[in-house]
Every structure is written in structure tokens, then in C-alpha cells.
Amino acid sequence: MRRLLIKLMGLILLFVGLYFFGQDIIFVSGYYPYFYSKIPATGSVLAIIAGVLSLVFFRRETGSLGWIFLGVGIVLVFLSGGVILKPTSLWNFLVAFTTLTVGYKLLTEGRINF
């Protein structure tokens, strides 16, 4: 029962860290007057979809290819200008990063080594 409680606490801390990080990221879409201007945005969506599908359904056959697709998709999202990072304070970053790492450590190992 104690191990389950530790894992649950780790999962909660992981989600709290993701929430704090997610507050400072804005995803936007825009109007593109020319057809070639939206190629990075379309490519990012297609690459992320292909990566997720290959990781979920074809993990054994195309596992590393799925990670490559996800990486290319994330790079294309930033190249298309669809992500805006708001300024954040050092304190907010510290809280977000700490809760994210402590939550992950509790979820995977069940303890924190200081």
C-alpha cells in the first residue's frame, strides 16, 4: 500500500510540474497568405501524428523511427513559429523543474536520494 501511495504521489507531482511548465507555453496558428508558408506547420502535424502512431501501434517494428518522427515534428513546430514561450521567473522555473524531476523519480524508483 505504501509503494502505491508513493507512486501516486510521484504521478501527482509529475502532473503538477507539467502544469507549471505548460502555463508559459502558447501554441498558436496563423493565417498564411501563400501555400508554401504553411509547409513547416503541416509537416510538424504530420510528423507528430506519424511518430505517435508508430510508437503506439508499431513499437517493435518502428520504435526508433517513431522517436525520429517526433523529434522532427517538434523541431518543425518551433520553425513554423507556432510556439510562443512567455517569460517566466526563476522561482516558477525552479518549482516546475523540481516537481517534475521529483515526481519522475518517485514514479520510477519510489524514493529520492539526496
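Residues numbered from 1 in each chain as written. Predicted model: local features only at pLDDT ≥ 70, side-chain atom pairs only at ≥ 80, totals over all residues. Heavy atoms only, no water.

Draft legend 1. Structural view of a nonpolar patch on the surface. A contiguous nonpolar surface patch, about 830 Å² in accessible area, is contributed by Leu5, Leu8, Leu11, Ile12, Phe15, Val16, Leu18, Tyr19 and Phe20. With relative accessibility at 46%, the residue Leu18 sits in the partly exposed group. (Patch = residues over 30% accessible without salt bridge, like charges linked within 9 Å, V, L, I, M, F, W, Y side chains within 5 Å. Areas by Shrake-Rupley, 256 points an atom, 1.4 Å probe, with all protein chains shown as cover. Salt bridge = Lys/Arg side-chain N within 4 Å of Asp/Glu carboxyl O. Buried < 20%, exposed > 50% of the residue type's maximum accessible area, 1.4 Å probe, protein only.)

Draft legend 2. The arrangement of the side chain of Ser44 in detail. Structurally, Ser44 can be placed in helix H2 (residues 39-57). The contacts of Ser44, once residues within four sequence positions are left out, are Gly73, Leu76 and Val77. (Helix = DSSP H or I, 4+ residues; strand = E, 2+ residues; numbered from the N terminus. Contact = heavy atoms within 4.5 Å.)

Draft legend 3. Just the confidence of the model for the protein, in detail. In this model, the protein carries a mean pLDDT of 80, and residues with pLDDT of at least 70 account for 84%. Across the protein, helix H1 (residues 2-22) holds the top mean pLDDT of 88, while strand S2 (residues 83-85) sits lowest at 70. (pLDDT = per-residue confidence, 0-100.)

Draft legend 4. A look at the packing of aromatic side chains. Enumeration over the complete set of coordinates arrives at three aromatic pairs. Between the aromatic rings of Phe21 and Phe93, the centroid separation amounts to 5.7 Å while the plane-to-plane angle is 65°, which identifies the pairing as edge-to-face. Remark: Phe93 occurs in helix H4 (residues 90-108) and Phe21 occurs in helix H1; sequence separation between them is 72 residues. With a centroid separation of 5.9 Å and an interplanar angle of 10°, the aromatic rings of Phe93 and Phe97 are classed as stacked. You can see Phe93 and its partner Phe97 sitting in helix H4, four residues apart, about one turn around the helix. The class for Phe97 is partly exposed, based on a relative accessible area of 43%. (Phe/Tyr/Trp six-rings, centres within 6.5 Å; stacked < 30°, edge-to-face > 60°.)

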